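Chain residues, written in single-letter form:
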Amino acid sequence: LPKTLQDAVYVARGLGLQRLWIDSFCIVQDDQNYWETDSKLMESVFGSAYCIVAASCASGSSDGL
């Protein structure tokens, strides 16, 4: 796994969580039609999240958190 995803797993385990949603795995990233459909479901995914971790300053998945 790239560093950012490894870091997310580390955080989830540290919080004692058994499940981790990684949207780049769960949402097709390079398909505009798919994105237009699935992005509308994001509120239901993130709205019930226990914790949201975002690598908002990362330029790619290898940067880490």
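Here is what the cut-offs are and how they apply
Residues numbered from 1 in each chain as written. Predicted model: local features only at pLDDT ≥ 70, side-chain atom pairs only at ≥ 80, totals over all residues. Heavy atoms only, no water. Helix = DSSP H or I, 4+ residues; strand = E, 2+ residues; numbered from the N terminus. Buried < 20%, exposed > 50% of the residue type's maximum accessible area, 1.4 Å probe, protein only. Contact = heavy atoms within 4.5 Å. Areas by Shrake-Rupley, 256 points an atom, 1.4 Å probe, with all protein chains shown as cover. Lys, Arg positive; Asp, Glu negative; His and termini not counted. Charge placed at Lys NZ, Arg CZ, Asp CG, Glu CD. Polar contact = N/O pair within 3.5 Å; in protein donor to acceptor, adjacent residues only side chain to side chain. Salt bridge = Lys/Arg side-chain N within 4 Å of Asp/Glu carboxyl O.

J.: Quick question: what am I supposed to make of the overall build of the protein chain here?
T.: The number of helices and strands found in the protein chain is 4 helices and 0 strands. Expressed along its principal axes, the backbone C-alpha trace of the protein chain runs to roughly 35 × 25 × 20 Å. Taken across its 65 residues, the protein chain has 15% of its residues classed as buried. Partitioning the contacts of the protein chain with sequence separation of at least 6, the portion at a separation of at least 24 is 54%. Surface exposure of the protein chain reaches about 5200 Å², of which carbon and sulfur atoms provide 51%. Separation of charge centres in the protein chain, based on 4 positive and 8 negative side chains, amounts to 12 Å.

J.: What's the story with the side chain of aspartate 7 in this structure? I'm lost.
T.: With respect to the secondary-structure elements, aspartate 7 resides in helix H1 (residues 3–14). In this structure the side chain of aspartate 7 is engaged in a polar contact, spanning 2.8 Å, whose partner is the backbone nitrogen of leucine 65. Residue contacts for aspartate 7: discarding those within four places in its chain leaves Gly64 and Leu65.

J.: Where do I start with the environment of tyrosine 34 in this structure?
T.: Within the secondary structure, tyrosine 34 is located in helix H3 (residues 32–38). Distance from tyrosine 34 to glutamine 6, taken between C-alpha atoms, is 26 Å for residues 28 residues apart in sequence. The residues contacting tyrosine 34, other than those within four sequence positions of it, are Cys26, Ile27 and Val28.

J.: Looking at this structure, how should I read the pattern of salt bridges?
T.: Where charged atoms of side chains with opposite charge meet at close range, the side chains can pair. Here the structure, examined in full by the defined rule, presents 1 salt bridge. Two residues, aspartate 7 and lysine 3, come together in a salt bridge whose shortest N-O distance is 2.7 Å. Linking aspartate 7 with lysine 3, this pair stays in helix H1, spanning 4 residues, or about one helical turn. Residue aspartate 7 is classed as buried on the basis of its relative accessible area of 16%.

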